[in-house]
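# Examination of the molecular architecture
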Amino acid sequence: MQHVKCLIIGSGPAGYTAAIYASRANLQPVLIEGPQLGGQLTTTTEVENFPGYPDGVEPFQMMDEFKRQAERFGTVMVSGIVTKVDLNASPKQIWVEDELAYKADSVIIATGASAKYLGLPSEQKYKGAGVSACATCDGFFYRNKTVAVVGGGDTACEEAQYLANLCKKVYLIVRKPFLRASVIMQQRVMNNPKIEVLFEHNTVTLTGEGKVQGADLVYRKGEIDEHMVHIDIDGFFLAIGHHPNTQLLRDQVALNEEGYIVVKNGAQQCYRPDGQVLDGVFAAGDCADPVYRQAVVAAGSGAKAAIEADKYLKTI
Ligand code: NDP
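Residues numbered from 1 in each chain as written. Predicted model: local features only at pLDDT ≥ 70, side-chain atom pairs only at ≥ 80, totals over all residues. Heavy atoms only, no water.

### A look at the site of the ligand
Neighbouring the ligand are 13 residues, the closest being Gly152, Asp154, Thr155, Arg175 and Arg180. Here an oxygen atom of the ligand sits 2.6 Å away from a polar atom, N or O, in the side chain of threonine 155. Between the ligand and arginine 175, the relevant distance is 2.8 Å, taken from an oxygen atom to a side-chain nitrogen or oxygen of the residue. Here the ligand has 920 Å² of accessible area as a free molecule, and 67% of this is covered by the chains. Here the ligand is seated within the second largest pocket. Counting residues per element, the shell around the ligand draws most heavily on helix H5 (residues 154-164), which supplies three residues. Taken together, the residues that form the shell around the ligand break down as three nonpolar, five polar and five charged. (Near = heavy atom within 4 Å. Polar contact = N/O pair within 3.5 Å; in protein donor to acceptor, adjacent residues only side chain to side chain. Areas by Shrake-Rupley, 256 points an atom, 1.4 Å probe, with all protein chains shown as cover. 1 Å grid on protein atoms, 1.4 Å probe; cavity = no way out; pocket = protein on both sides within 12 Å on 5 of 7 lines; lining within 4 Å. Sits in = over half its atoms within 2 Å of the grid points. Helix = DSSP H or I, 4+ residues; strand = E, 2+ residues; numbered from the N terminus. Nonpolar A, V, L, I, M, F, W, Y, C, P; charged D, E, K, R; others polar.)

Now the structure itself:
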């Protein structure tokens, strides 16, 4: 078992940025890459909103550049999945693939979040070819086209409005006869002439030759007036919520009701479930951010987490 000063869990923008800062501070970090190398961003087609890439960048290329930058200053990348942690032990203990692999004086958690999908086989088939879970990331590719957004909450309403500014038409597919979103968001959606709300519709499958070209929906499934509806669309956006990847941390770190890690405003510090500061443990990126969920924000919080880890290590 290896004893390290700083162990980082996760290889998205938050984890890699934490690694760049931690390695430049001579913390000789080890980064465990996790199940999705490069993080959520790698499920999108192109990144156009990360500063420094005026012509846009392919997500795998961008994440590879993050990784190489961290390696340049000495971060050790480990491919594997963290299966257990003991963050109350001193030093902290980390199991990789069920084996106790590291002792660490500080830990930066950057495990990200995952968008929820409906679970249709066709969603997988068209991932990156018309299926997206981030309007802010991918909406631009659907300028003057027709898209559908699934969901009836604030995210779905916000994404539908965002897309309505770019697209010819937006369908909002809602499974219930009403929207769950806040009243003001509902009003904006209902008053937007480009948005057509399809209440009581559920998506059955996506169709198209090599990319999304349509969706088959069922109206009022199980009711006497049940019938199928087909819509022609170029893009299909999921907005049915995200779940933070924090299952591993339950019982050790304070999480909010939705499972996001609670961090001290501005300092990425983690807490124990009883509210006491959890010394030497910091969180960054989407696992601790239910609001912004942007790569550039995640990267910024990764930098902060590493700076805080460095400060902490000087005190022990
Ligand atoms: P929510 O959980 O609020 O809403 C999820 C929506 O997706 C619901 O309408 C739900 O339907 C629907 N849904 C879930 N599963 C399925 C499914 N399998 N098939 C079809 N529809 C499904 O998530 P949000 O991401 O919208 O919001 C999360 C939190 O963030 C909320 O507290 C929200 O208020 C907040 N938020 C606030 C914003 C703002 O204030 N500007 C912007 C974005 C989010 P049903 O209603 O039937 O359960």
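Next comes the rest of the description.
### Focus on the layout of surface pockets
The computed volume of the second largest pocket comes to approximately 600 Å³. As for the second largest pocket, its lining consists of 23 residues, and the residues nearest its centre are Gly152, Gly153, Arg180, Ala239 and Ile240. Secondary structure elements with two or more residues in the lining of the second largest pocket: H5, strand E10 (169-174) and strand E12 (201-207). Split by residue class, the lining of the second largest pocket holds eight nonpolar, nine polar and six charged. (Points joined across faces, edges and corners; volume = space filled by probe spheres on them.)

### Here we look at the pattern of salt bridges
In the structure shown here, the tally under the stated rule is seven salt bridges. Residue glutamate 33 pairs with lysine 67 through a salt bridge whose shortest N-O separation is 3.1 Å. One end of the pair, glutamate 33, is in the loop between strand E2 (30-32) and helix H2 (59-72); the other, lysine 67, is in helix H2, and 34 residues separate them in sequence. Judged by its relative accessible area of 18%, lysine 67 falls in the buried class. For glutamate 308, the salt bridge identified is with lysine 311, shortest N-O distance 3.2 Å. You can see glutamate 308 and its partner lysine 311 sitting in helix H7 (residues 295-313), three residues apart, about one turn around the helix. Judged by its relative accessible area of 48%, lysine 311 falls in the partly exposed class. Each of Glu200, Arg220 and Asp225 takes part in salt bridges that share partners, so that together they form one network. (Salt bridge = Lys/Arg side-chain N within 4 Å of Asp/Glu carboxyl O. Buried < 20%, exposed > 50% of the residue type's maximum accessible area, 1.4 Å probe, protein only.)

### Re the state of the cysteines
Considering all chains together, one arrives at one disulfide under this definition. The disulfide partner of cysteine 134 is cysteine 137, and the S-S distance across this bridge is 2.1 Å. Taking the sign of the S-S torsion, 75° for the link of cysteine 134 and cysteine 137, the bridge is right-handed. For the pair cysteine 134 and cysteine 137, a shared accessibility class is recorded, and that class is buried. Cysteine 134 provides the cysteine sulfur closest to cysteine 167, a residue in no disulfide bond, and the two sulfurs are 13 Å apart. (Disulfide = S-S within 2.5 Å.)

### Section: the packing of aromatic side chains
Per the counting criterion, the structure on display carries three aromatic pairs. Taking the centre distance of 5.6 Å and the plane angle of 65° together, the rings of phenylalanine 50 and phenylalanine 66 count as edge-to-face. Residue phenylalanine 50 is found in the loop between E2 and H2, and its partner phenylalanine 66 is found in helix H2; the two are separated by 16 residues along the sequence. Both residues of the pair, phenylalanine 50 and phenylalanine 66, belong to the buried class. Relative to phenylalanine 237, the ring of tyrosine 142 has its centre 5.4 Å away and its plane inclined at 80°; by these criteria the two rings are edge-to-face. Residue tyrosine 142 is located in the loop between helix H4 (135-138) and strand E9 (146-150), and its partner phenylalanine 237 is located in strand E15 (residues 235-238); the two are separated by 95 residues in the primary sequence. Its relative accessible area of 12% is what places tyrosine 142 among the buried residues. Stacked on the ring of phenylalanine 73, the Lys or Arg arginine 24 has its end atom at 5.1 Å from the ring centre. One residue, arginine 143, lies across the ring of phenylalanine 140, its end atom 3.8 Å from the ring centre. (Phe/Tyr/Trp six-rings, centres within 6.5 Å; stacked < 30°, edge-to-face > 60°. Lys NZ or Arg CZ within 6 Å of the ring centre and 35° of its normal.)

### Comments concerning the environment of glutamine 276
Within the secondary structure, glutamine 276 is located in the loop between strand E17 (269-271) and strand E18 (277-283). Residue glutamine 276 is classed as partly exposed on the basis of its relative accessible area, which comes to 48%. Considered as a pair, glutamine 276 and isoleucine 9 are 267 residues apart in the sequence and their alpha carbons are 22 Å apart.

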